[in-house]
Amino acid sequence: MKYRRLGKTGRKVSVIGIGTWQFGGEWGKSFSQDEVNRILGRGKELGINLIDTAECYGDHLSERLIGGYLKQDRREDWFVATKFGHQFHSHLTRTDRYSASDVLEQLDASLKALQTDYIDLYQFHSGSNEAFDNDELWTMLDKQVQAGKIRHLGTSIGKNDNLYQTEQSSRVHSEVIQVIYNRLDRKPEDKVFPSCIEQHLGVLARVPLASGYLSGKYKPGAVFAANDVRHNHDKEAALDKLKQVEEIRLNEVPQGMDMAQWALAWSLKHDAVTSVIPGCKSVEQVESNAAAAQWVGEGHPQAWEEA
């Protein structure tokens, strides 16, 4: 495993993290505590120390499963990132909750679910600019940082060209941007990444496998189960993505190289990107994701030098 400094947080995180939307049950599979324990435990053995989750991956369900694992492990070995702003009601159905009082309630619920007394990174989750521009919210969050419930604040931008929220990061003491970035979606390179570099923000690249399309497992015409979020993707857009993936596989991926590992390493080449946070449904998938670190070059601006 390789590690990078997460912007001005100064924290050391693995270049491969574990995204956990799937633990909330919206990716075609439900997870038992034992399955989650094995996935996270194997991730730790492979050097991964970054977990990303959210309050609305299930009704704190993903957080509870992670908390079930953390209670029997060393909490301090993990950098745990979660989010606020949505209330889960049912499969792919949420309502917004961004008021200071609502978010404080969500924070306490997340701490309880995760079975921890602090969150390493607490992120504004895909909200509008209007919801973001709430001084009462950020003042409350600053107080929670001072109280020790939160170590660092971040912003998970909903649209990956949201330059406004990115540029406002330093003003609201947000130290990390989470954004969709992968070989099929390079929009952050234009404006968001230059702003992140200028402000010395850490960057977590979510959906680095383009919702699995870049895994190399799916061919044009693939059909997803009704309880899989990809079932609702526009059929023509999905077909176009899979055709692009086939061209990338033929023209860009070195012969014999695992395409998913290539895609993760590709995202990590950009100077702005600290870590990628792919999801994984099995021990085998977390092993494959972690193996992508071998293709990550040295000399990145955020590379961690051991003291």
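Definitions and limits used
Residues numbered from 1 in each chain as written. Predicted model: local features only at pLDDT ≥ 70, side-chain atom pairs only at ≥ 80, totals over all residues. Heavy atoms only, no water. Helix = DSSP H or I, 4+ residues; strand = E, 2+ residues; numbered from the N terminus. Contact = heavy atoms within 4.5 Å. Areas by Shrake-Rupley, 256 points an atom, 1.4 Å probe, with all protein chains shown as cover. Lys, Arg positive; Asp, Glu negative; His and termini not counted. Charge placed at Lys NZ, Arg CZ, Asp CG, Glu CD. Phe/Tyr/Trp six-rings, centres within 6.5 Å; stacked < 30°, edge-to-face > 60°. Buried < 20%, exposed > 50% of the residue type's maximum accessible area, 1.4 Å probe, protein only. Lys NZ or Arg CZ within 6 Å of the ring centre and 35° of its normal. Expected span 1.5 Å × (residues − 1). Arc of directions from axis to C-beta. Salt bridge = Lys/Arg side-chain N within 4 Å of Asp/Glu carboxyl O.

(A) Spatial organisation of the overall build of the protein chain. Of regular secondary structure, the protein chain possesses 10 helices and 12 strands. In terms of overall dimensions, the protein chain has a C-alpha envelope of 50 × 40 × 40 Å along the principal axes. The contacts of the protein chain with a sequence gap of at least 6 include a subset with a gap of at least 24, amounting to 75%. Split by element, the accessible area of the protein chain, about 13300 Å² in all, is 47% carbon and sulfur. Looking at charge distribution, the protein chain has the averaged site of its 37 positive side-chain charges lying 3 Å from that of its 43 negative ones.

(B) Layout of the packing of aromatic side chains. Scanning the entire structure with this criterion turns up 13 aromatic pairs. Both rings, one in W21 and one in W27, keep their centres 5.3 Å apart while their planes meet at 85°; by these two values the pair is edge-to-face. Using a relative accessible area of 29% as the deciding quantity, one classes W21 as partly exposed. Ring centres 6.4 Å apart and planes at 75° place the aromatic pair F132 and Y164 in the edge-to-face group. Linking F132 in helix α4 (residues 129-132) with Y164 in helix α6 (residues 163-167), this pair joins segments that are 32 residues apart in sequence. Under the relative-accessibility criterion, Y164 is labelled partly exposed at 33%. Members of the aromatic cluster, joined through ring pairs, are F84, Y98, Y122, F124, F132, W138 and Y164. In this arrangement the basic side chain of K12 is found over the ring face of Y3, its NZ or CZ atom lying 4.8 Å from the centre. A cation over an aromatic ring shows up here: K29 above the ring of F31, its NZ or CZ 4.9 Å from the ring centre.

(C) Seen up close, helix α8 (residues 235-251). Spanning 17 residues, α8 covers 24 Å between terminal C-alpha atoms, matching the ideal 24 Å at 1.5 Å per step. All of the buried residues along α8 are A238, L242, V245 and I248. One side of α8 carries all its buried residues, which in axial view fall inside an arc of 115°. Away from its buried face by more than 90 degrees, α8 exposes E236, E247, L250 and N251. Structurally, α8 contributes buried residues whose contacts are with α9 (259-267).

(D) The pattern of salt bridges, seen in detail. Counted under the stated rule, the structure contains 20 salt bridges. Among the ionic pairs, D52 bridges to K83, the shortest N-O distance being 2.7 Å. One end of the pair, D52, is in strand β4 (residues 50-52); the other, K83, is in strand β5 (residues 79-84), with 31 residues separating them in the sequence. For D52, a relative accessible area of 3% translates into the label buried. Its relative accessible area of 0% is what places K83 among the buried residues. What you see here is one network of salt bridges that share partners, running through K44, D73, R74, E76 and D77.

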